[in-house]
Every structure is written in structure tokens, then in C-alpha cells.
Amino acid sequence: MLKVNVSATRGAGLVNEDVAGHCGGAVWVIDGATGVGEPILFGASDAAWFANRVNVVLRDILRDRPAIGTRDLLMETISTCSAAFECAAHRRATDPADLPSAAFAMVRQIGDAVELTTLGDCRVAYLAADGSPRLFGGTALGPFEGRSIALAEELRRANPAIDPTALKQALLPHLRETRRLMNQPGGYWILGTDPAAADHVDRMMLEARPGDGFALASDGFLRLIEVFGVADAADLLGIEAERDFDAQLARLRALESGSGSLTKYPRIKLHDDVSFAQCEYRVEG
């Protein structure tokens, strides 16, 4: 069985678009993609609505059919959430850039094995066969994110006093063009409203070894590794209680808020929502 030691999410602002959840032998994190246009739904955030809906549907399906295959699980989840989005929409999404999406990572016990699944830029820390901690999860988002960050740097150099609202407004045409590439040839695959994304996940099967730990994180929390370079996969696996998570989150927020942080560590948002889960494989009895 997978014993969940930590399942936590924290928002960077008034609305948290991340979710961490689990049900039976599955643990996951979901990172809703912040909207880049006028919302389709009533409420504070289409991304938060979508991430929470995915979380509920995953839990409901796994509760009723714990043996369902992961591909079928994701296809049904996407189809159900897409239909719910259409029902809840107050206007039709005529531009693909307005459709909701989310990055995703899941660890799931499958018989005597453990399955790792990612889509987008969430990742999973695990122990390789030689016992070394590693990160799992490839993403095609990297080049697109890199271009967005480079453009944000140009804008900041041209106007060092630019505030976050003005920066996002200036970036919107580029961000919308990038968002139109989701789940398209030459673009990137993400958990959105197209069930075909279930055929494009990154997946790994591991031998289930008692005591092995797994840590799942959204890109907001992965900044500790990928932006600031002050942590690694072993540090994620070492977060075995909520107090450990809170300590690492405080470290992250301090780095994000530090003097000159955006210049030293280029990124679009000063802070980001985070989600994290840590679990370990145990043998019952």
C-alpha cells in the first residue's frame, strides 16, 4: 500500500490554483494553468475550478473502480471535466487559449509495482534501482516557458519599475499564442479538455520495494530545484511531515522575496502556488 505522509497545497495569492489529493493506492498533485484571457466561468478562477474538478473526478472514479487502468482513468476524467466545463460556462470558448488546463503528476500502486505518471511540468522524486534519488517527468513546456521568461526579462530591462499586472498585460499576446499550442502537433501535451492527452503522458513502472518513498511536486514548489538550485530530489523525499513541508516552503518564499530575486532568478511570477505530496510503499500485515 501507499502510505501518504504529506499532502499539502498553498496558494501564492487570494486564489490557489493547485490541488493535492489521494484515494486508495493513488496520490496526485494538480497545477491549474492560470488564465490568459477573460474567464469563461463565473467565479474567481477557471484554473482553480478545473484543478478542483479534476481532483474530485479522479477521487470518485478511483473510489468506485480502484482497478481501472491509468489511461482509461485519465480519459474518463478529462471527458467528464470537459463536459462539466461546457455546462458551467457562461460563454462559449471560441479561442483555444481560453480553455482550461493543468499539469499533473500521479503515483499509483499497480499490483506489485508502482506507476509514475506525469503530464506537463509536475514531477516525481523517486529512488532508482541503485538507491539514488532522481526526478521523473519530462515536459515539452520547457522551450515555451523559456521564451516567455526571456520576453519578460526584456520587458523588465526596458522598464525596471514595471509592476506584475502591467507585465502580464504586456505578455498576454505571447502567452495566448503559446496557450493555443496545447495538445496540438508541434506544441505540448497537457491535461485539458482533450481526452487524447491520456495517450501522451510520461509513464514509468517501478518494482514496489517496501520503504521506498515518492514525492510529487508542482512547478511552483520545484522552484527550489529548478530555479533557485538549493534542493534536489533527495530533499523532496526527505519531506516526511507537514512541518518539513512548511519549512521548505518558508525557505522558498524567502528566496522569491529576496532583493533582486527576479533579476538573479528570472521568472514571470514573483510567487507561485505550490502543491506537494510524499508517500511511501508499505507491505500490509
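A brief look at the structure comes next.

**Some points on the overall build of the protein chain**
Logical step 1: Along the protein chain, the regular secondary structure elements total 8 helices and 10 strands.
Logical step 2: Relative to the 2.2 N^0.38 estimate, which gives 19 Å for 285 residues, the radius of gyration of the protein chain is 19 Å and therefore close to what a compact globule would have.
Logical step 3: The principal-axis extent of the C-alpha atoms belonging to the protein chain is close to 60 × 45 × 35 Å.
Logical step 4: Out of the 285 residues belonging to the protein chain, those deemed buried represent 46%.
Logical step 5: Within the protein chain, residue pairs in contact and separated by at least 24 positions form 71% of the contacts whose partners lie at least 6 positions apart.
Logical step 6: Counting every atom, the protein chain has about 12,900 Å² of accessible surface; 52% of that belongs to carbon and sulfur.
Logical step 7: Taking the 29 positively charged and 39 negatively charged side chains of the protein chain as two groups, their mean positions are separated by 2 Å.

**Looking at the packing of aromatic side chains**
Logical step 1: Evaluation of the coordinates by the stated rule reveals 6 aromatic pairs.
Logical step 2: When the ring of Phe221 is compared with that of Phe245, the centres are 5.2 Å apart and the planes differ by 35°; the resulting orientation is tilted. On the criterion of sequence distance, the pair formed by Phe221 in helix H5 (residues 219-226) and Phe245 in helix H7 (residues 242-257) is long-range, its members being 24 residues apart.
Logical step 3: Exposure remark for Phe221: the relative accessible area of 0% places this residue in the buried category.
Logical step 4: Judged by its relative accessible area of 0%, Phe245 falls in the buried class.
Logical step 5: An aromatic cluster is built from Phe221, Phe245 and Phe276, whose rings are joined through pairwise contacts.

**Some thoughts on the pairing of strand S4 (residues 102-110)**
Logical step 1: With 7 of its 9 residues buried, S4 lies for the most part within the structure.
Logical step 2: Alignment of strand S3 (residues 26-32) against S4, held across 7 bridges, turns out to be antiparallel. Looking at the pairing, Val27 lines up with Val107 of S4.
Logical step 3: Joining the antiparallel neighbours S4 and strand S5 (residues 113-119) is a turn of 2 residues, in which Gly111 adopts a positive phi near 60°.

**Thoughts on the packing of helix H1 (residues 46-64) against helix H2 (residues 70-88)**
Logical step 1: Where H1 contacts H2, the axes come no closer than 9 Å and their chain directions differ by 135°. Here H2 runs oblique to H1, going by the angle between their axes. In this structure, the crossing between H1 and H2 has a hand that is right-handed. Where H1 abuts H2, its residues Asp46, Trp49, Phe50, Arg53, Val54, Val57, Leu58, Ile61 and Leu62 lie against Leu73, Leu74, Glu76, Thr77, Thr80, Cys81, Ala84, Phe85 and Ala88.
Logical step 2: Tallied by class, the residues present in the contact of H1 with H2 amount to 13 nonpolar, 2 polar and 3 charged.

**Here's the deal with the environment of Arg253**
Logical step 1: As for its position among the elements, Arg253 is in helix H7.
Logical step 2: When its relative accessible area of 18% is taken as the criterion, Arg253 is described as buried.
Logical step 3: Discounting residues that sit within four places of it in the chain, Arg253 has contacts with Arg10, Gly11, Ala12, His271, Asp272 and Val274.

**Let's talk about the nonpolar core**
Logical step 1: The biggest cluster of nonpolar side chains holds 26 residues, and the ones touching the most others in it are Val107, Leu116, Phe214 and Leu216.
Logical step 2: Contributions of two or more residues to this core are made by S3, S4, S5, strand S6 (123-127), helix H3 (141-158), strand S9 (213-217) and strand S10 (274-281).
Logical step 3: With residues near it in sequence (within four places) discarded, Leu216 still touches Val27, Trp28, Val29, Ala105, Met106, Val107, Arg123, Val124, Ser275, Phe276 and Ala277.
Logical step 4: Of all hydrophobic cores here, the second largest spans 24 residues; its members include Trp28, Ile78, Phe104 and Leu119.

**Looking at the layout of surface pockets**
Leftover empty space is mapped by rolling, across the atoms, a probe with the size of a water molecule.
Logical step 1: When its volume is computed, the second largest pocket comes out at roughly 170 Å³.
Logical step 2: Considering the residues around the second largest pocket, the lining is formed by Cys23, Gly24, Gly25, Ala26, Leu62, Arg63, Pro66, Ala67, Ile68, Arg108, Gln109 and Ile110.
Logical step 3: Listing elements by their share of the lining of the second largest pocket, those giving two or more residues are H1 and S4.
Logical step 4: Looking at which element gives the most residues to the lining of the second largest pocket, the answer is S4, with 3 residues.
Logical step 5: Tallied by class, the residues present in the lining of the second largest pocket amount to 7 nonpolar, 3 polar and 2 charged.

Criteria and cut-off values
- Counting starts from 1 at the beginning of each chain's written sequence and moves along it residue by residue.
- Only residues with pLDDT of 70 or above have their local features reported here, since the model is predicted, and side-chain atom pairs are shown and tallied only from 80 upward, although totals for entire chains, interfaces and linings are computed over all residues.
- The basis for every side-chain value is the complete set of heavy atoms in the structure, and neither hydrogens nor water enter the calculation.
- A run of H or I in DSSP counts as a helix once it spans at least four residues, and a run of E counts as a strand once it spans at least two, with each numbered from the N terminus.
- Both definitions apply: the radius of gyration is a C-alpha atom measure, and the globule rule equals 2.2 Å times residues to the power 0.38.
- Whether a residue is buried, partly exposed or exposed follows from its accessible area with a 1.4 Å probe, protein chains only, as a fraction of its type maximum: under 20%, in between, or over 50%, in that order.
- Every residue pair with non-hydrogen atoms within 4.5 Å of one another is taken to be in contact.
- Exposure was quantified through the Shrake-Rupley algorithm and a 1.4 Å probe, taking into account, for residues, occlusion by the shown protein chains and nothing else.
- For the purpose of charge, His is not counted, nor are the chain termini; Lys and Arg are scored as positive and Asp and Glu as negative.
- Charge placement uses NZ in Lys and CZ in Arg. For Asp and Glu, CG and CD serve respectively.
- Here is the rule: rings of Phe, Tyr and Trp (six-membered ring for Trp) pair when centre to centre is within 6.5 Å. Planes less than 30 degrees apart are stacked, more than 60 are edge-to-face, and the remainder are tilted.
- A pair of strands is considered paired only if DSSP assigns at least 2 bridges between the two.
- To define axes, lines are fitted to C-alpha atoms, for helices over the stretch in contact only, and angles between the resulting N-to-C directions are given on a 0 to 180 degree scale.
- Note on angle classes: values under 35 degrees are labelled roughly parallel, values over 145 roughly antiparallel, values of 65 to 115 roughly perpendicular, and the remainder oblique.
- Crossings are sorted by hand: turned counterclockwise from the far helix by less than a right angle, the near helix makes the crossing left-handed, and turned clockwise it makes it right-handed.
- Think of it as three bins: nonpolar holds Ala, Val, Leu, Ile, Met, Phe, Trp, Tyr, Cys and Pro, charged holds Asp, Glu, Lys and Arg, and polar takes everything else, Gly as well.
- By nonpolar core is meant a set of buried Ala, Val, Leu, Ile, Met, Phe, Trp, Tyr and Cys residues that side-chain atoms within 4.5 Å join together.
- A cavity here means a set of points on a 1 Å grid, drawn over the protein atoms and nothing else, where a 1.4 Å probe fits but cannot get out; a pocket is an open set with protein on both sides within 12 Å along at least five of seven lines, and a residue lines either one if it has an atom within 4 Å of a point.
- Grid points are joined across faces, edges and corners, and a volume is the space filled by probe spheres set on the points.

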